[in-house]
Amino acid sequence: MVRVTQAEPIRRRSALRAGAGLTAALATGCAAPEPAATTAPAPKAHRTPGTARPARAAPAPRRFPGQPAQIDHGPRTRDRVALTFHGQGDPAIARALLEEAERASAHVTVLAVGTWLDAHPDLARRILDGGHDLGNHTLHHIDINALSEADAYAEITGCATRIRRLTGSVGTWFRPSRTQTATPLVARLAQRAGYPHVLSYDVDSLDFTSPGPATVVDNVAADLRPGSIVSLHFGYADTVAALPPLLDHLAGRGLSAVTCTELLS
């Protein structure tokens, strides 16, 4: 088992300090869903005072030949894994996690909740400017598989519209909320909204249960393989503390942390 000890590197202790005292704060919102568009105009240079600057244009969703409609891992023959983060909660924790990843030259994939982007629009630019993937994790983060067709589509397109406003595209990925795997209906709706694939995962860190940073690392290490896609979350201090030792563990196994786009390219 991988343990967090007093002998951890200095940067690991700094991450513990960065995460200390932070608590999860789930963003909520009641904005009405809006229809998505598969193509979008470039962000306007002019902006209303007090609004966030448009982020650099995000890559559009890609179709990966040979990959299924729902992707839960990449090639097993390459020494790469993808760390994916469900994007909501305290923005200070999100920034701390991005800083820790970048300190180790790691790139991650963030699946953002639409109402979270409403509350923290500057984070779209922060994610992209760090070299990370930005994708769609529905508008309100509710159980999308339990919704009607119209409501599920509104959840997907509502978040897509917000990402497009901030970045010029609907983002690179769609991940369903409150589930590891989308129903066939939700997968079809995601394709209709412009996402060729649903992004799942094969390793669950269970960091949202706040089990302690050592357990988060152990949960990932137990199931991790080359090509794995790992589920993690913004909004939890344990994840901030766990990320440096987790990245050390990857390095010790000769694995690089890359975006899902890089993993599958």
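Residues numbered from 1 in each chain as written. Predicted model: local features only at pLDDT ≥ 70, side-chain atom pairs only at ≥ 80, totals over all residues. Heavy atoms only, no water.

Colleague: It is not clear to me how the overall build of the protein should be interpreted in this structure. Could you clarify?
Modeller: Tallying secondary structure elements over the protein gives 9 helices and 8 strands in all. Out of the 265 residues belonging to the protein, those deemed buried represent 51%. Within the protein, contacts between residues at least 6 apart in sequence are counted, and of these 85% link residues at least 24 apart. For the protein, the exposed area adds up to about 11,100 Å²; of that, 53% sits on carbon and sulfur atoms. (Helix = DSSP H or I, 4+ residues; strand = E, 2+ residues; numbered from the N terminus. Buried < 20%, exposed > 50% of the residue type's maximum accessible area, 1.4 Å probe, protein only. Contact = heavy atoms within 4.5 Å. Areas by Shrake-Rupley, 256 points an atom, 1.4 Å probe, with all protein chains shown as cover.)

Colleague: Help me understand unusual backbone geometry in this model?
Modeller: Glycine aside, negative phi is the norm for most residues, and most peptide bonds take the trans geometry. A positive phi angle, close to 55°, is found at leucine 206, a residue other than glycine. For leucine 206, a relative accessible area of 35% gives the class partly exposed. Even without being glycine, serine 210 reaches a positive phi, approximately 50°. Note that serine 210 resides in the loop between β6 (203-204) and α7 (213-223). Residue classification places serine 210 among the partly exposed residues on the basis of a relative accessible area of 45%.

Colleague: I'm lost on the packing of aromatic side chains in this one. Help?
Modeller: Pairs of aromatic rings are described using the distance from one ring centre to the other and the angle between the two planes. Within this structure, the stated rule accounts for 4 aromatic pairs. When the ring of phenylalanine 64 is compared with that of tryptophan 173, the centres are 5.6 Å apart and the planes differ by 5°; the resulting orientation is stacked. Residue phenylalanine 64 is found in the loop between α1 (10-19) and β1 (70-71), and its partner tryptophan 173 is found in the loop between α5 (149-167) and α6 (184-192); the two are separated by 109 residues along the sequence. In this pair, the class of phenylalanine 64 matches that of tryptophan 173, namely buried. Between tryptophan 116 and phenylalanine 234 the ring centres are 5.9 Å apart and the planes differ by 50°, which places this aromatic pair in the tilted class. Residue tryptophan 116 is located in helix α3 (residues 114-119), and its partner phenylalanine 234 is located in the loop between β7 (229-233) and α8 (237-252); the two are separated by 118 residues in the primary sequence. With a relative accessible area of 0%, tryptophan 116 lands in the buried category. Three or more aromatic residues joined by ring pairs form one cluster here, namely Phe85, Trp116 and Phe234. The aromatic ring of tyrosine 153 is capped on one face by arginine 192, whose charged end is 4.9 Å from the ring centroid. (Phe/Tyr/Trp six-rings, centres within 6.5 Å; stacked < 30°, edge-to-face > 60°. Lys NZ or Arg CZ within 6 Å of the ring centre and 35° of its normal.)

Colleague: Is there a simple way to explain helix α2 (residues 91-103) in this structure?
Modeller: Since the α-helix turns once every 3.6 residues, residues separated by three or four places project in the same direction. An ideal rise of 1.5 Å per residue puts 18 Å on 13 residues; α2 measures up with 18 Å between its terminal C-alpha atoms. The complete set of buried residues in α2 reads Pro91, Ile93, Ala94, Ala96, Leu97, Leu98, Glu100 and Ala101. By the N-cap criterion, in which a side-chain oxygen at the helix start approaches the backbone nitrogen of a residue two or three places on, α2 is capped by aspartate 90, the distance to alanine 92 being 2.9 Å. Immediately beyond the C-terminal end of α2, within one or two residues, lies serine 105, with a positive phi of roughly 60°. (Expected span 1.5 Å × (residues − 1). Polar contact = N/O pair within 3.5 Å; in protein donor to acceptor, adjacent residues only side chain to side chain.)

Bear in mind that shape data such as this cannot, by itself, settle questions of function.
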